[in-house]
Structures are given as structure tokens and as C-alpha cells.
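Summary of the model geometry
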Amino acid sequence: MFNIVIFGPPGSGKGTQSANIAKQYGLVHLSTGDLFRHEIQIQSPVGKEANRYISKGQLVPDAITLRLLYKHASKHINDPGIIFDGFPRTLNQAIMLDRMMNKKGIKVNLVIGIEVEEEELINRIKHRSRTSTRDDDDEKIIHNRMKIYHQQTYPVIEYYQKQGKYESISGMASVETVFQRLCAVIDQYKHEH
Ligand code: AMP
């Protein structure tokens, strides 16, 4: 299996890019944000619980997130690979993902961070919020999501750096250019392994 984690702050374009990468390389796209939004839409107990956090721009507690993630990831263990989008977002989630994968004899092969300057991120989300149905794209909540990204999610980068799995690219370009940069990193990895 070839498993990738796409990493980046809100507004970095990781959702769009993950979908494109999944298509290009035949991977399953698992976005915890999308999974939560689906649960909210069908008004399931998980959705109702998760929405208490998501609507405030906070992270959903690990126990809920991990349960949902395991449920979906375990369906794809025999597929060519998974692209994780928006997961892991805490150090604990990263450790638990490694544990889950070790048990199945698989691993996270590559982690790619999309780097975008903060001012650009805020502008992009503000723009998205004009047409978005997402409550968490509201301006006040965006700032909270950014803060949480720096406090809780950023340390995950270091975790993967120590494992020698982390690569970053600049996301300050068009969707097509960023996609090409991501593909170049993936192709290089595939060439070397
Ligand atoms: P996203 O679509 O990835 O921006 O996620 C939207 C929201 O869902 C986040 O702001 C969090 O509230 C929640 N969420 C998504 N993924 C996770 C995760 N891995 N851990 C905790 N909360 C998450």
C-alpha cells in the first residue's frame, strides 16, 4: 500500500489537491472534515457531537475522530493506498495512526505539507465563505482554526520530520502548479522506493 498524508493549514487547498492526487494515483481519499460534514448532514449522533466543536472552529476530540477514521480506513486496507486529508491533526492522532497501521503491516509512506502565507490563507477563506455553506468559514471562526492549527497541528510536522517522511512544497501558486509540485514529490518518492 502507498499511503500519503496531506498536511496544511485551513485554506491551503489540501482538500482540492487531495482529490486530484487520489484520482491521479488511484488512491482512496479520506477527509475527516468531509466525513464529519456527512455525519452532520445525516444528523447522526456522531455528527451532532462533532458539530459542537466544528461550529466553534475547535478540533473534535481524538476519541470521536479516531473511531470515525478507523471505521472508514479499515474498509480500504486491501486497496492500493489512502490519501489522508485533514488527519492526523494532533500528535496523539499521528501516534495512533502509526499504531493502527503497524498492526496491519502497513505505514504512512509520505507526508507532504502545503505551505501558504497566513495573509493569503485568510483571504482565500474569506473568498470561500462568500459561496460556502460551511459555518466554520465565518471570519471569527477562521482565526480560531488558524490558532489551533499552530498550537495543536503544527507539532505533527516535527513528528514526521523525525521519521524522515516530511516534504513540503509552496502552495503560493495556481491549483495546477501546486498539483504539479505535489506530483513531483510523489513521483520522486516512488522513483526512490
Ligand atoms: P477540514 O475540512 O479538514 O478543514 O475540517 C473541518 C473541521 O472538522 C475542523 O475545523 C475540525 O473541527 C474538524 N476536524 C476535521 N479533521 C479533524 C481531525 N483530524 N481532528 C479533529 N477535528 C477534525
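Everything below is about the structure printed above this text.
This write-up is about the structure you can find in this document.

1. Examining the packing of helix α5 (residues 91–103) against helix α7 (residues 139–162)
In the contact formed by α5 and α7, the axes pass within 8 Å of each other and the chain directions differ by 40°. Overall, the two elements α5 and α7 adopt an arrangement that is oblique. Judged by residue contacts, L91, A94, I95, L97 and D98 of α5 engage Q152, P155, V156, Y159 and Y160 from α7. Within the contact of α5 with α7, the residues separate by chemical class into eight nonpolar, one polar and one charged.

2. Considering the side chain of T32
With respect to the element layout, T32 can be found in helix α2 (residues 32–41). Polar side-chain contacts of T32 include one of 3.0 Å to the backbone oxygen of G86.

3. Quick look at the site of the ligand
Taken together, 17 residues lie around the ligand, and T32, R37, Q58, G86 and Q93 are the ones closest in. Note that an oxygen atom of the ligand is positioned 2.9 Å from one of the side-chain N or O atoms of R37. A distance of 2.9 Å separates a nitrogen atom of the ligand from a polar backbone atom of G86. Here the ligand loses 96% of its free accessible area of 480 Å² to cover by the protein chains. Tallied by class, residues from the shell around the ligand come to five nonpolar, six polar and six charged.

Reading the values: rules and limits
Residues numbered from 1 in each chain as written. Predicted model: local features only at pLDDT ≥ 70, side-chain atom pairs only at ≥ 80, totals over all residues. Heavy atoms only, no water. Axes fitted to C-alpha atoms, helices over the stretch in contact; angles between N-to-C directions. Helix = DSSP H or I, 4+ residues; strand = E, 2+ residues; numbered from the N terminus. Parallel < 35°, antiparallel > 145°, perpendicular 65-115°, else oblique. Contact = heavy atoms within 4.5 Å. Nonpolar A, V, L, I, M, F, W, Y, C, P; charged D, E, K, R; others polar. Polar contact = N/O pair within 3.5 Å; in protein donor to acceptor, adjacent residues only side chain to side chain. Near = heavy atom within 4 Å. Areas by Shrake-Rupley, 256 points an atom, 1.4 Å probe, with all protein chains shown as cover.

Shape descriptors only; they carry no functional weight alone.
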